[in-house]
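In case you want the letters, here they are:
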Amino acid sequence: MLNTIKKSFERFIGYIKWLHMLYELNTYLSMCEPWEKVFLNCLFAVTISIIAYSTLVYIPPYLYTLITYINPGAAAITFSDPLIMAGETEL
């Protein structure tokens, strides 16, 4: 039992090392000096963070606008209204 867990963990670590090597080879980081690797990895991290933030902040309102443009009746339903969320209808 312990032997199979140890082998699985070693395979997982080997896979992570392989992915890291693949990342360095595809981005040509393997040819850089250590300080350049740190700088470029930080630059990649900041770029991915900005893309993720802007996706989460800007895409939902644009999608809502697109849905209300395609289906104008959808604009009447607001999920912040407690009566609609409770399943009650307005009179």
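Structure report, in brief. Quantities reported herein were computed from a predicted structural model and do not represent experimental measurements.

1. Regarding the overall build of the protein
Inference 1: Each helix and strand in the protein was counted, giving three helices and zero strands.
Inference 2: Its helices and strands taken in sequence order, the protein reads α-α-α from the N to the C terminus.
Inference 3: Across the 91 residues of the protein, 5% fall into the buried class.
Inference 4: A total of about 8,300 Å² of accessible surface is found on the protein, and carbon and sulfur atoms cover 73% of it.

2. A word on the environment of Asn41
Inference 1: Tracing the backbone shows Asn41 in helix H2 (residues 34–70).
Inference 2: For Asn41, a relative accessible area of 33% translates into the label partly exposed.
Inference 3: Counting along the chain gives 12 residues from Asn41 to Leu29, while the straight-line C-alpha distance between them is 8.9 Å.

3. Thoughts on the packing of aromatic side chains
Inference 1: Per the counting criterion, the structure on display carries two aromatic pairs.
Inference 2: Look at Tyr23 and Phe44: their rings are 6.4 Å apart centre to centre, the planes differ by 75°, and that puts the pair in the edge-to-face class. A residue pair is termed long-range when its members are at least 10 positions apart, and Tyr23 in helix H1 (residues 2–26) and Phe44 in helix H2 qualify at 21 residues.
Inference 3: Looking at Phe44, the relative accessible area reads 33%, which means it is partly exposed.

4. Considering a nonpolar patch on the surface
Inference 1: Taken together, the side chains of Phe9, Phe12, Ile13, Tyr15, Ile16, Trp18, Leu19, Met21, Leu22 and Leu25 make up a nonpolar region of the molecular surface, amounting to roughly 940 Å² of accessible area.
Inference 2: On the secondary structure map, Phe9 appears in helix H1.

5. Details of unusual backbone geometry
Inference 1: Residue Tyr28 is not a glycine yet carries a positive backbone phi of 60°.
Inference 2: With respect to the element layout, Tyr28 can be found in the loop between H1 and H2.
Inference 3: Look at Tyr28 and you get exposed, because its relative accessible area is 56%.

6. Considerations on H1
Inference 1: With 25 residues, H1 should reach 36 Å at 1.5 Å per residue; the first-to-last C-alpha distance of 36 Å fits that figure.
Inference 2: In the segment just after H1, Tyr28 is the residue with positive phi, at about 60°.

7. Details of the side chain of Thr68
Inference 1: By the element assignment, Thr68 lies in helix H2.
Inference 2: On the accessibility criterion, Thr68 (19% relative accessible area) is buried.
Inference 3: Within the local environment of Thr68, its side chain forms a polar contact with the backbone oxygen of Thr65, the two atoms lying 2.9 Å apart.

Rules used throughout
Residues numbered from 1 in each chain as written. Predicted model: local features only at pLDDT ≥ 70, side-chain atom pairs only at ≥ 80, totals over all residues. Heavy atoms only, no water. Helix = DSSP H or I, 4+ residues; strand = E, 2+ residues; numbered from the N terminus. Buried < 20%, exposed > 50% of the residue type's maximum accessible area, 1.4 Å probe, protein only. Areas by Shrake-Rupley, 256 points an atom, 1.4 Å probe, with all protein chains shown as cover. Phe/Tyr/Trp six-rings, centres within 6.5 Å; stacked < 30°, edge-to-face > 60°. Patch = residues over 30% accessible without salt bridge, like charges linked within 9 Å, V, L, I, M, F, W, Y side chains within 5 Å. Salt bridge = Lys/Arg side-chain N within 4 Å of Asp/Glu carboxyl O. Expected span 1.5 Å × (residues − 1). Polar contact = N/O pair within 3.5 Å; in protein donor to acceptor, adjacent residues only side chain to side chain.

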